[in-house]
Amino acid sequence: MTGEILFQAEHISKTFGGLKAVDDVSFALRAGIVTTLVGPNGAGKTTLFNAMTGHLVPDQGAVTFLGQSILGLPHWRVARLGVGRTFQDLKLFSHMTVEENVTTATEAGSWLWQTGGRAAQAERTERIARALDATQLQRRRNARAIDLSYAERKFLSIARIMASGARLWLLDEPASGLDRGSYDRFVSLLRNEVKSGVTICIIEHNLDIVQSISDRIAFLDQGKLLAEGEPKQILSDPALAAIYFGERAS
Amino acid sequence: MFTYIVSLAILIGINAILAVTLNFILGYAGIFSLAHAIFFGIGAYTAAVAAMKFGADFTVATAAGMVLSGVISLALALPALRVRGEYFVAASLGLQMLALTVFSEWKSVTGGIGGLIGIPPARLFGFDVSDPVLFLALTLACLAIILLAIRALVRSSFGRSLKAIRDDETAASALGKNVALLKTLAVVVSSSFAAVAGSLYAFYLSFINVESFVLEVSVQIIAMVIIGGTATLLGPVIGAVIVLLLPALLTYIPYLPPTEIGSIQQMIYGLAMVLLMIFRPSGLWGYGSDSRARGEP
């Protein structure tokens with residue numbers, strides 16, 4: 001349901017040595033919308049992502065997904081609860097085929113067979129076909145991930161998360177390096193998924209992309225959440241623009 | 001001559017089992033173990049003791065070796081696989097050293113340095129399998145069963161998860177894979193199957209000692225996998241054939257002093273590995289077609 005709080009981080013902090021990468025950040029992700037994390041390099045966006053998915057344990061703060069604390073859970077457990085993510089460097093299974101990459105994402109268990117019998121198998125097969133169709137990778141299903149073009153690899157990372165059935169998608173710079181045509185396809189794909197009930201949180205640097213895709217924006221700088229709100233409101237703030245483009249408000 | 005060929009074929013079969021089982025973790029799961037010879041040894045000693053002291057037949061003796069090997073591999077894998085790969089390499093080297101000392105010092109069970117002599121012939125369903133041709137058939141049957149089992153595992157969701165872990169642990173974990181558990185299970189499966197080779201070896205030679213399970217043997221098994229092709233079903237079998245045939249072929253080269261064959265063999269292995277890494281990094285069988293590269297036969 002749109003508006004329901006799916007994910008909540010409260011007073012999250014994470015320090016690496018003397019560097020405070022995330023400093024007392026609190027924010028919520030509401031269901032059925034696209035929230036974008038923006039900010040200059042080193043703002044703490046990826047660290048926040050890692051803390052949200054269990055890849056990092058915050059020094060302090062609380063993290064809940066669907067009202068349940070996920071703090072300290074190993075990331076594979078967080079993933080099984082329905083939090084999926086992509087990575088800046090994609091992290092595809094390079095020597096597996098496109099179909100294998102997507103198939104393994106549908107398999108919650110890793111035994112010789114999956115539970116649920118034929119009905120569950122049919123549902124997984126349908127999810128695989130839908131993910132491959134939506135990302136236009138159907139004709140490349142037997143190609144190895146390492147043999148794909150850059151745009152195809154980007155779409156494979158999306159196909160994988162789509163097939164996993166995750167309810168919350170955390171996408172780390174998913175549109176960087178895409179040509180115009182691929183970018184349009186990508187935006188339309190995300191919009192369709194949001195319509196079908198998926199909640200998306202994106203890290204993105206390109207402000208055109210941010211503007212065209214976001215329902216809400218959270219602005220981070222030096223580990224702090226400086227502002228959160230509608231895209232128009234955030235992107236028209238001269239103080240935030242100055243920080244984003246490398247100037248510091250005096 | 002016929003007896004020699006059959007004997008060579010049996011040893012190739014046994015080594016092929018070792019290579020295929022190591023490939024299951026090395027090629028499909030990306031786990032590099034330096035202790036495979038130890039699981040070979042555990043299978044051999046367990047089968048020998050079971051046959052000599054309890055009159056166990058081949059299936060019972062082999063099953064006992066598989067269970068013990070699996071349990072001991074669990075002790076290695078559980079702590080070592082919770083961290084990244086290089087720690088497992090170090091831990092497996094530690095196990096190789098430790099277990100070798102146990103093999104040579106636990107005289108009441110292993111016979112110490114002198115080993116165990118007079119292991120009875122394998123008995124299967126009440127019949128002695130002492131004829132070399134029958135034993136070759138038994139070895140090939142074991143190899144075929146293990147190949148089929150590994151093929152089924154690799155094509156299952158378990159196999160897909162292992163390949164995913166091999167390619168990227170973080171991404172596999174982000175898709176809900178319990179990386180430590182899956183890697184531990186892979187090591188247990190591999191070690192248990194390696195014990196079958198040990199059982200065959202003990203029953204065939206009717207004598208075993210610690211020299212058959214030293215670090216050099218573990219390295220030789222790795223060479224078989226790399227030469228044949230990692231993450232392919234038949235590559236390690238081809239690697240075992242090449243590595244085992246090489247010394248036999250060298251003895252037919254005229255003017256080659258028999259005392260130098262060992263050194264020349266080592267040089268050829270080394271050179272072959274270097275050339276393979278440069279020209280065919282996926283091994284002899286693992287290069288050339290997509291289906292092979294994907295781990296299909």
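In this text the structure is predicted, and so the values were computed from the model without any measurement.

Colleague: Any chance you could explain the sheet that holds strand β10 (residues 224-229) of chain A here in plain terms?
Modeller: Hydrogen bonds along the backbone pair up the strands of a sheet, which may run parallel or antiparallel. Residue and element names in this part refer to chain A. Ordered by their spatial adjacency, six strands build an open sheet running β6-β7-β8-β3-β9-β10, and the pairing between neighbours is mixed. At either end of the open sheet lies a strand with only one pairing partner, and these are β6 (83-85) and β10. On average, each strand axis in the sheet is tilted by 20° relative to the strand beside it, whichever way the strands run.

Colleague: Would you take a moment to explain the environment of B:Leu138 for this structure?
Modeller: Residue and element names in this part refer to chain B. In this fold, Leu 138 is placed in helix α6 (residues 132-155). Separated by 14 residues in sequence, Leu 138 and Leu 124 place their C-alpha atoms 9.5 Å apart. Ignoring anything within four residues of it in the chain, the contact list for Leu 138 reads Ala 122, Leu 124 and Val 129.

Colleague: Looking at this structure, I do not really get the packing of helix α1 (residues 2-26) of chain B against helix α10 (residues 215-228) of chain B. What am I missing?
Modeller: When two helices pack together, their arrangement is given by the angle between their axes and by how far apart the axes lie. Residues and elements named next belong to chain B. Contact geometry of α1 with α10 gives a least axis separation of 9 Å together with a crossing angle of 75°. Relative to α10, α1 is oriented roughly perpendicular. Counted together, Asn 15, Leu 18, Ala 19, Leu 22, Asn 23 and Leu 26 of α1 and Ile 221, Ile 222, Met 224, Val 225 and Gly 228 of α10 form the full contact between these two elements. For the contact of α1 with α10, a count of residues per class yields eight nonpolar, three polar and no charged.

Colleague: It is not clear to me how helix α11 (residues 235-250) of chain B should be interpreted in this structure. Could you clarify?
Modeller: In an α-helix, one turn spans 3.6 residues; hence positions three or four apart end up facing the same way. All names here are of chain B. Taking 1.5 Å per residue, 16 residues should reach 22 Å; α11 reaches 22 Å between its end C-alpha atoms and fits that length. Listed in full, the buried residues belonging to α11 are Gly 235, Pro 236, Val 237, Ile 238, Gly 239, Ala 240, Val 241 and Val 243. Here the buried face of α11 lies against α1 and α10.

Colleague: Would you mind showing me how to read the nonpolar core here?
Modeller: Inside soluble globular proteins, nonpolar side chains tend to come together where they are buried. With 161 residues, the main nonpolar core has A:Ala159, B:Ile17, B:Leu18, B:Ala19, B:Ala48, B:Ala186 and B:Ala197 as its most contacted residues. Among the elements that line this core, the one with the most residues is helix α9 (residues 179-205) of chain B, at 18 residues. Two domains each donate at least three residues to this core, and these are domain 1 (1-82 + 166-250) and domain 2 (96-165) of chain A. Leaving out residues up to four positions away in the same chain, B:Leu18 has contacts with B:His36, B:Phe40, B:Ala194, B:Ala197 and B:Ile221.

Colleague: Would you explain the environment of A:Asp215 in this entry?
Modeller: Residues and elements named next belong to chain A. Along the polypeptide, Asp 215 turns up in the loop between α7 (207-213) and β9 (216-221). Overall, the presence of 15 C-beta atoms within 10 Å leaves Asp 215 in the partly exposed class. Note: C-alpha distance between Asp 215 and Gly 229 (14 residues apart in sequence) is 8.6 Å. In this structure Asp 215 touches Ile 33, Val 34 and Thr 35, once residues within four positions along its chain are discounted.

Each value, and the rule that gives it
Sequence order sets the numbering: in each chain, residues are counted from 1 along the sequence as written. Lettering for chains starts from A, numbering for ligands starts from 1, and both go in the order in which the items are written. In view of the model being predicted, local features appear only for residues whose pLDDT reaches at least 70, and side-chain atom pairs are presented and counted only at 80 or more, with totals across whole chains, interfaces and linings using the full set of residues. Between any two strands, pairing holds if DSSP finds at least two bridges. Helix and strand definitions follow DSSP, with helices as H or I runs of at least four residues and strands as E runs of at least two, each counted in order from the N terminus. Angles run from 0 to 180 degrees between N-to-C directions of axes, and those axes are lines fitted to C-alpha atoms, restricted for helices to the stretch in contact. C-beta atoms are first placed from the backbone for all residues, and any pair lying within 7 Å is then listed as a contact. Any angle that falls under 35 degrees is termed roughly parallel, while one over 145 is termed roughly antiparallel, one within 65 to 115 roughly perpendicular, and all others oblique. Here the nonpolar group is Ala, Val, Leu, Ile, Met, Phe, Trp, Tyr, Cys and Pro; Asp, Glu, Lys and Arg are the charged ones; every other residue, Gly included, is treated as polar. To estimate the expected span of a helix, subtract one from its residue number and multiply by 1.5 Å. Three exposure classes are used, based on other C-beta atoms lying within 10 Å of a residue's own C-beta, which is placed from the backbone: buried for 20 or more, exposed for 12 or fewer, and partly exposed in between. Structurally, a nonpolar core is described as a collection of buried Ala, Val, Leu, Ile, Met, Phe, Trp, Tyr and Cys residues joined by way of C-beta atoms within 7 Å. The domain boundaries here were taken from an automatic or database domain assignment.

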